Amino acid sequence: MRIGLLTEGGYPYATGEARLWCDRLVRGLPQHEFELYALSRSAEQEERGRVPLPSHVTRVRTAPLWAPADDGRSYRRRERRRFAAAFTELVRGICGADPARFADGLYGLAALASEQGGLYAALRSETAVRAVESACRAPESSREVQRAQVADLLEFVDELERMLRPLSLDWYEELSEVDVCHAAAGGVAALPGLLAKRFFGVPLLVTEYGVQLRAHYLAHSAHSARDERPAVRALLAAFHTRLAGEIYSQADLLTPGNAHARRWQERCGASRERLRTVYPGMEADRFAAVGEDPECGDPHTLVWVGRVDPAKDLIALLHAFAEVRRAEPRARLRIFATAAGADGHADGHAVGHGYLADCRSLAAQLFPDEAADAHAVGENPVTFEEIGGPDAPSPADAYGSGRVVVLSSVIEGFPITLAEAMFCGRATVSTDVGAVVEVIGGTGLVVPPRNPRALAEACVTLLRDPERAQRLGSAARARALELFTVEQNVAAFQESYLRLLARGPARPDGTGVPFEQPPEARVPGHWATPTWATPYPEPRPPAAPCDDPAPDPADPSAGPGSDPDTGPAGPGAAGPDAGSGTGAGRVMVPAARAAGAASAEASA
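Residues numbered from 1 in each chain as written. Predicted model: local features only at pLDDT ≥ 70, side-chain atom pairs only at ≥ 80, totals over all residues. Heavy atoms only, no water.

Residues and numbers for the environment of Glu 140, please.
Tracing the chain through its elements places Glu 140 in the loop between α6 (126-136) and α7 (143-146). If we ignore the near neighbours within four places in the chain, the residues touching Glu 140 are Arg 92, Cys 95 and Gly 96. (Helix = DSSP H or I, 4+ residues; strand = E, 2+ residues; numbered from the N terminus. Contact = heavy atoms within 4.5 Å.)

Printed below as a string of structure tokens:
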């Protein structure tokens, strides 16, 4: 099977949020061929290089979303009218919340880009700006959109051109030949697969471990206080909403990573019949040494592991630990920070460093350095460390440094660090956000978010009852080994691929036949052909004259070039030698052997 894997800002690059599970998926299915179609987010991401790829990755195509894609072409009058009509439908669908008009405009622009190119210049033209302005002023537009100024229109057109760059890619002739398109995320990453399904009938599978529409809302709400252009924010949100709805309605199968993402997809129009939850797969062997040692770790230490970010609410965790410290004077808190800005966003890296500085300052105020006597050096019960340091060279060492792992987030999708703590057999205390309850089941304590007192009470409960903490940790490890391993993840996607392939290609003209091109047609070598057979057909000798009567004009099967055994000749002729190639498993007998068989038959 040939699988076209579509990514954005991740695999096969060395950085990005989707690179790990995509790499595990590709390596876990060596019996299939993978073709990678990757969109990069920044020049820095491309400079960091790619991960080593296995041998069954047969093709890698990349395109930058951060660089202009001007092909130097401009439209003539007819193409300009065609562009104006399609782009007007697109923006009318965005501003007026009309999914049908949005889809018509999107596919119209894709067809124009495929035939003529030149979409970059057209999307930045005055025609595009005037079309957006007309759509914003329409009565069905929202109040925020109707207030858009010229600067808002220019900024939105610039962003729209960047998000529509996949329409101008030269990937689609190759994507039309794959058996399944698998988008590793929604949004722009799934756009090439959406077009391949529309124009070539290639089945589309979309996996979302983090819903792109939700990520867009969270990213813009974080900057809404200083955002001076609410009209741009409203237009971009409308575009992402319409795009998500089109992807969810057209995808043959959607595989959310948890029930929380599944609910988002259902609200955006996804059908329940085409939804199947597939949990992320993690390498359990990395945490086996810690998970199989119940005595590992300090029983008085709380551990936090993750990316330092305001959404993780470390401020509330520090206030909660102040109460824990009053109840349990021997308690310690170790905060292990993973790399910030690993997905290539420089602004996230800067925000993480600023937030970390604020947390260090608060910890110094809440917990001044304590010393046993006047001659000893003071020590703070809260430490800030990094994964890869001398005390924690790996995440497993970080989780194994304590008996209880804490998650204090106010915003969370699928809590990866919580699942890793479960593999390590740690008891967990976490806030009820995202998919936390779904992940831990009944193997940990859950408290409301933004409630330091409840968080402190749950931590004190487990610190004072180490036997209960050990029981919860053992149950958590058993649950993680059942649900979140690489093996279950790969098996689920393998089954999904086979289900999509068994349905057959949904060709636009309705002529698709399941297994029309058998898999063995692409196996190298002639394993299905006997050793004495010739792999390629030899030219036929000219036909000898015969005394057969002339064909009857009334006979529809007769005609020029007809053969009494095979029927009429031509492109649609049937028979063992029809077509221009040998075909899969077709045996071609050498001419010498055929001549010998003919002479034997004549003598008999």
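Right, picking up where we left off after that structure.
Go over the sheet that holds strand β7 (residues 298-306), please, and point to the residues and values.
The strand order β9-β8-β7-β10-β11-β12 describes an open sheet built from 6 strands, whose pairing is parallel. Strands at the two margins of the open sheet, each flanked by one partner only, are β9 (382-386) and β12 (445-447). Neighbouring strand axes in the sheet, compared pairwise and without regard to direction, differ in orientation by 25° on average. When β7 meets strand β10 (residues 402-407), the two strands line up parallel, connected through 3 bridges. By the bridge assignment, Val 303 is partnered in β10 with Val 405. Each of β7, β8 (332-337), β9 and β10 is contacted by helix α15 (residues 314-327), which is oriented at about 160° to β8, the strand it contacts most. (Pairing = 2+ DSSP bridges. Axes fitted to C-alpha atoms, helices over the stretch in contact; angles between N-to-C directions.)

Account for the packing of helix α1 (residues 19-28) against helix α22 (residues 486-503), naming residues and giving values.
Where α1 contacts α22, the two axes come as close as 10 Å, and the packing angle between them is 70°. Looking at the two axes, α1 sits roughly perpendicular to α22. In this structure, α1 crosses over α22, and the sense of that crossing is right-handed. Residues Trp 21, Arg 24, Leu 25 and Gly 28 of α1 touch α22, and the partners they reach there are Val 486, Val 490, Phe 493 and Tyr 497. (Parallel < 35°, antiparallel > 145°, perpendicular 65-115°, else oblique. Left-handed = near helix turned anticlockwise from the far one by under 90°.)

Any details on the packing of aromatic side chains? Residues and values, ideally.
Evaluated as defined, the whole model comprises 12 aromatic pairs. Here the aromatic rings of Trp 21 and Phe 493 are separated by 5.9 Å at their centres, their planes lie at 20°, and the arrangement is stacked. Of the two residues, Trp 21 sits in helix α1 while Phe 493 sits in helix α22, which places them 472 residues apart along the sequence. Here Tyr 279 and Phe 484 contribute two aromatic rings whose centre-to-centre distance is 5.3 Å and whose plane-to-plane angle is 85°, an arrangement assigned as edge-to-face. A residue pair is termed long-range when its members are at least 10 positions apart, and Tyr 279 in the loop between α13 (259-267) and α14 (288-291) and Phe 484 in the loop between α21 (466-483) and α22 qualify at 205 residues. Owing to a relative accessible area of 17%, Tyr 279 belongs among the buried residues under this scheme. What links up through ring pairs into an aromatic cluster is the set Trp 21, Tyr 209 and Phe 493. (Phe/Tyr/Trp six-rings, centres within 6.5 Å; stacked < 30°, edge-to-face > 60°. Buried < 20%, exposed > 50% of the residue type's maximum accessible area, 1.4 Å probe, protein only.)

Could you give an account of helix α3 (residues 77-95), naming the residues involved and the relevant values?
The terminal C-alpha atoms of α3 lie 27 Å apart, and with 19 residues this matches the ideal 27 Å at 1.5 Å per residue to within 8%. Residues of α3 that are buried: Glu 79, Phe 83, Ala 86, Phe 87, Leu 90, Val 91, Gly 93, Ile 94 and Cys 95. Contact partners of the buried residues in α3: α4 (99-116), α5 (119-123), α6, α7, α8 (150-163) and α12 (230-250). Looking one or two residues past α3, Ala 97 carries a phi angle of roughly 55°, positive in sign. (Expected span 1.5 Å × (residues − 1).)

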